[in-house]
Amino acid sequence: MIAHGHAAQMALMAAATHPDRTESLVLINGFARFARADDYLPGIPSPAANAALDQLVETWGKGTMAAALGPSVVSRPGMSDWYGRLERFSASPGTALARMRTILELDVRQVLPLVTAPTLVIQSQDDVYVRAGHGRYLAENIPGARLLERESADHWPVPEPDLLVAIEEFITGTRVEEPELDRILTTVLFVDVVGSTERVSELGDRRWRTLLDQFVATVERELVAYRGVFVGRAGDGVLATFDGPARAIRCACDIRDSIQRAGLEVRCGLHTGEVTRRNGDVAGIAVHIGARVSSIAAPGEVLVTRTVRDLVAGSGIEFDDRGPFALKGVADRWDLYATSG
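Residues numbered from 1 in each chain as written. Predicted model: local features only at pLDDT ≥ 70, side-chain atom pairs only at ≥ 80, totals over all residues. Heavy atoms only, no water.

Asker: Could you give me a rundown of the nonpolar core, with the residues and numbers involved?
Answerer: Formed by 32 residues in total, the largest nonpolar core has its most connected members in Leu189, Phe215, Phe242, Ile249 and Leu270. Taken together, the elements giving at least two residues each to this core come down to strand 5 (182-193), helix 9 (205-225), strand 7 (237-242), helix 10 (245-261), strand 8 (266-278) and strand 10 (302-305). Of the residues forming this core, the biggest block, eight residues, is contributed by helix 10. Ignoring sequence-local partners within four residues, the contact set of Phe242 consists of Thr186, Thr187, Leu189, Leu223, Tyr226, Arg227, Gly228, Arg247, Ala248 and Cys251. One finds Ala11, Leu12, Val121 and Tyr137 within the second-largest nonpolar core, a separate group that totals 21 residues. (Core = buried A, V, L, I, M, F, W, Y, C linked by side-chain atoms within 4.5 Å. Buried < 20%, exposed > 50% of the residue type's maximum accessible area, 1.4 Å probe, protein only. Helix = DSSP H or I, 4+ residues; strand = E, 2+ residues; numbered from the N terminus. Contact = heavy atoms within 4.5 Å.)

See below:
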């Protein structure tokens, strides 16, 4: 059995009740008791629990908990909306509240010594929903249990390769090497807001955050139209990837034009190269080159490397030669070109 979160309580009961039917047990960010007690300090204190219940009633169905439950993936476009739909489809606010109250009352600590199946306890060290002390308690009180603490803030069991490998090794007894990271050829696009410091001083924090939210929404809308992938935010900018450089250029130009109409100025940088992809994120020298190109671009300019220009030959996209540039931290000088799409 593999159980996550409060499902660990049911799995522990089943393992203790039916040892003949339980070959092994994996508990991911679970707990035997969620509420704090005098003899159980890892639990959530009563004031915090009451605040959580109030928040649940106010926010159920909106997906706002996604930020706390899956911080590594919440920036993906549509993730909060998806979780909001999941909440609405799974329970009404009243049912969700009743379920949470039940979870706060349940306590299966007394069955832990009766679990005889080999048990792996997996705990995210920085999980703000189920603190690390819960996992440590389980491992200390289940006979022979093994504890794996991961450097993660996710409460959700996001399927990272190290998590899947650890579970497979525990269940099968054979360690399978972590799969190689996906290495792909892609076009990276950096879109940076120009003059953010000055605009914050001019507009104030609240108005500036509103403009930034509009900026991100505009970028996400254009990415959908051009089949780009939103990777994440970088300061006051956005990183995205494309499987076609021509679409990336046209998307960058449309983003620039739309943002200008909203009263902001951006600079865009593009490069095509090999990146490693893992859990929705990308890394590699191509990403660094794209970032450096963006930093060189003038306000309102879409700047690309020669690699991008050569790959879209015949597309009808025109370029202006900006000459060779030294990119910080990158060898050699790079020919850069401006384009209007």
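Asker: Please give an account of helix 10 that cites residues and values.
Answerer: At 3.6 residues per turn, the α-helix brings residues three or four places apart onto the same side. For helix 10, which comprises 17 residues, the first-to-last C-alpha distance of 25 Å matches the rise-based estimate of 24 Å (1.5 Å per residue) to within 8%. The buried count for helix 10 comes to 12 of 17 residues, which makes it a mostly enclosed element. Among all positions of helix 10, only Pro245, Ala246, Arg247, Ala248, Ile249, Cys251, Ala252, Cys253, Ile255, Arg256, Ser258 and Ile259 are buried. Positive backbone phi, at 95°, marks Gly263, one or two positions downstream of helix 10. (Expected span 1.5 Å × (residues − 1).)

Asker: Lay out the layout of surface pockets in plain terms, naming residues and giving numbers.
Answerer: In this model, the largest pocket occupies a volume close to 830 Å³. What lines the largest pocket is a set of 32 residues, among which Met65, Leu69, Tyr83, Met100 and Tyr129 lie closest to the centre. Breaking the lining of the largest pocket down by element, the ones donating at least two residues are helix 2 (46-59), helix 3 (66-69), helix 4 (79-90) and helix 5 (93-105). Of the residues belonging to the lining of the largest pocket, the class tally is 20 nonpolar, nine polar and three charged. (1 Å grid on protein atoms, 1.4 Å probe; cavity = no way out; pocket = protein on both sides within 12 Å on 5 of 7 lines; lining within 4 Å. Points joined across faces, edges and corners; volume = space filled by probe spheres on them. Nonpolar A, V, L, I, M, F, W, Y, C, P; charged D, E, K, R; others polar.)

Asker: How would you explain the confidence of the model for the chain if you had to name every residue and give the values?
Answerer: Low pLDDT marks regions whose predicted coordinates should not be analysed in detail. Per-residue confidence for the chain gives a mean pLDDT of 90; residues scoring 70 or more make up 94%. Taking the mean pLDDT of every element in the chain, the minimum, 62, falls on helix 8 (residues 196-203) and the maximum, 98, on strand 2 (residues 25-28). (pLDDT = per-residue confidence, 0-100.)

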